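Overview (structure and organization)
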Amino acid sequence: MMKADGRRCIALMFAGVLVVSPAVTLAQDDKPFAIETPATTALVLDVETGTVLFEKSASERFEPASLAKIMTVETVLSALDKGEVTAQTAFPVSDHAWRSGGAPSRTATMFAAVRSTVPVDALLRGVMVQGANDAAIILGEGIAGTESAFAVRMNERASEIGLADSHFVNATGLPAEGQFTTARDVAQLSLRMRQDYPAWYGIYAQPEFEWNKILQRNRNPLLRGTSNATGLATGFAEGQGYSIAALAEDGPRGTIAVLSGLTSDAVRTKETERLLAWARDSFERRILFTQILPVGTANVFGGFETSVPLLVKSDVVAFVPKGRPDLVRAEIRYDGPLHAPVEQNARVGTLHITIDGKPALDTELFAGKTIHQGTFSMRAMDAAQEIAFGWIRKL
């Protein structure tokens, strides 16, 4: 079928799970698949493949609260990777950091002593284990000079890593006008933290951390539950309720759940564990398409051949509903027809996977062979056909 924007889409209905191998099928279960949540916004994501397993208003903005500290940590780790600072670099505890995020603030704090110095390693542990506001401010001031300058850097870094709908005003997530994020962005940020900084990410699961002779337990309640959680952060904002960015790992499989708008700490914990368990029990890893066989073809205008096979660079792996192959669909999307010449391995489109009618995974498609430009008469014939059937593009 042809969309109004000129993008050609070919819908492929899964008879089994593997389109390229119809012999591979799954028994269909009549039990309902959908799940509901009282969260106002939510996203559940597979770590390995990026498959979206569940979403509810995932692009709706909310105040990040302490979830903003994940962006703070990512920005600091990026600076570490670039050699701007080291884990042993010591930053001073300013009056601002002490008053706004330390003991006088009566918020989450690592109790860093005013006018002392604290190494980056300890400050990161303060943020990641204790959710410490003073540690977040000290890191921001130490790297950028002021907390507001660090917030600018956070936004620049967010743009670099593809967070499309987030804006940060401070390093802590404490209430500030113009500060927002989405479940989709927080999930992508959490995924990046796990994949890009595996050694540092492990700190999120550290059960406790002591500084200034004060020992505090990890503030993430999921670490003491049954979900096999390894991170990341919780938050609360007046008027918007309780939020969480959670990552649970069962052997090689990891699942991210981001929720916001819950009514209490207890509800947040219970609901997150429920969604993580549902994701674990309701999906299985499958190869949908292989890099060996063409996914499909795209029409070509003005070439010696009228179509080109489309390939993926690597096997398309996704987590799909157990026993419900009828819920999985794929579309080949490309701006068509393609115009010859088309070079082999040129990117020409996208394979769009949906589960239960909702976007789950996108994979780039590439030309499987070179299509050379045809003769003038062949191009004229194609042109005539294009004019004759051009009305299809308006549907």
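Residues numbered from 1 in each chain as written. Predicted model: local features only at pLDDT ≥ 70, side-chain atom pairs only at ≥ 80, totals over all residues. Heavy atoms only, no water.

Let us now look at the packing of aromatic side chains. All told, the structure shown has four aromatic pairs when counted by the stated rule. For the ring pair Trp278 and Phe283, a centre distance of 5.3 Å and an interplane angle of 85° mean the geometry is edge-to-face. Among the residues examined, Trp278 registers a relative accessible area of 13% and is labelled buried. Through a chain of ring-to-ring contacts, the aromatic side chains of Phe54, Trp278 and Phe283 assemble into a single cluster. One Lys or Arg, Arg61, reaches over the ring of Phe180 and ends 3.9 Å from the middle of that ring. Between the NZ or CZ atom of Lys313 and the centre of the ring of Phe366, over which it lies, the distance is 4.7 Å. (Phe/Tyr/Trp six-rings, centres within 6.5 Å; stacked < 30°, edge-to-face > 60°. Buried < 20%, exposed > 50% of the residue type's maximum accessible area, 1.4 Å probe, protein only. Lys NZ or Arg CZ within 6 Å of the ring centre and 35° of its normal.)

Our next topic: the pattern of salt bridges. Under the counting rule described, the total for this entry stands at 17 salt bridges. The residue Asp121 makes a salt bridge to Arg125 at a minimum N-O spacing of 3.2 Å. Note that Asp121 and Arg125 are positioned in helix α3 (residues 120-130) at a spacing of four residues, about one turn of the helix. In this structure, Arg280 engages Asp281 in a salt bridge whose closest nitrogen and oxygen atoms are separated by 2.9 Å. The class of Arg280 is partly exposed, set by a relative accessible area of 33%. Each of Glu74, Arg157 and Glu160 takes part in a single network of salt bridges with overlapping partners. (Salt bridge = Lys/Arg side-chain N within 4 Å of Asp/Glu carboxyl O. Helix = DSSP H or I, 4+ residues; strand = E, 2+ residues; numbered from the N terminus.)

Next up on the list: the layout of surface pockets. Its volume calculated, the largest pocket comes out at about 580 Å³. As for the largest pocket, its lining consists of 33 residues, of which Ser66, Lys69, Thr234, Gly235 and Phe236 are closest to the centre. Secondary structure elements with two or more residues in the lining of the largest pocket: α1 (68-81), α3, β8 (229-237) and α8 (265-282). A per-element tally of the lining of the largest pocket places β8 first, with six residues. Residue composition of the lining of the largest pocket, grouped by class: 16 nonpolar, 11 polar and six charged. (1 Å grid on protein atoms, 1.4 Å probe; cavity = no way out; pocket = protein on both sides within 12 Å on 5 of 7 lines; lining within 4 Å. Points joined across faces, edges and corners; volume = space filled by probe spheres on them. Nonpolar A, V, L, I, M, F, W, Y, C, P; charged D, E, K, R; others polar.)

This brings us to unusual backbone geometry. Looking along the chain, the bond that leaves Gly231 and enters Leu232 is cis, with omega of 15°. In this chain, Ala340 is followed by Pro341 through a cis amide linkage whose omega measures 5°. Secondary-structure assignment places Pro341 in the loop between β16 (338-339) and β17 (347-355). Of note, Ser57 is a non-glycine position whose phi angle comes to about 50°, a positive value. Relative to the helices and strands, Ser57 resides in the loop between β3 (52-56) and α1.

The next subject is the sheet that holds β3. Judged by pairing direction, the sheet is antiparallel, and its five strands sit side by side in the order β3-β2-β10-β9-β8 without closing on themselves. Edge strands, defined here as strands with exactly one partner in the open sheet, are β3 and β8. Adjacent strand axes in the sheet meet at a mean angle of 5° when their direction is disregarded. Relative to β3, strand β2 (residues 41-46) runs antiparallel, the two sharing four bridges. Note that in β3 the partner of Val44 across the bridge is Phe54. Packed onto the sheet, helix α6 (residues 183-196) meets β2, β3, β8, β9 (241-250) and β10 (253-262) and runs at close to 30° relative to β2. (Pairing = 2+ DSSP bridges. Axes fitted to C-alpha atoms, helices over the stretch in contact; angles between N-to-C directions. Contact = heavy atoms within 4.5 Å.)

Scored by pLDDT, the chain has a mean of 88; 89% of the residues are at 70 or more. Note on residues 1-28: pLDDT is under 50 here. Beyond four places in sequence and across chains, it has 79 contacts. Counting contacts from residues 389-395, a segment whose pLDDT is below 50, to residues more than four positions away or on other chains yields 11 contacts. (pLDDT = per-residue confidence, 0-100.)

Our next topic: the nonpolar core. Counting 60 residues, the largest nonpolar core has Ile70 and Leu124 as the members making the most contacts within it. The element contributing the most residues to this core is α1, with eight residues. Residues contacting Ile70, with those up to four places away along its chain left out, are Val186, Leu189, Ser190, Met193, Tyr204, Leu232, Ala233 and Ala245. Within the second largest apolar cluster, 25 residues are counted, among which are Val316, Ile332, Leu338 and Leu351. (Core = buried A, V, L, I, M, F, W, Y, C linked by side-chain atoms within 4.5 Å.)

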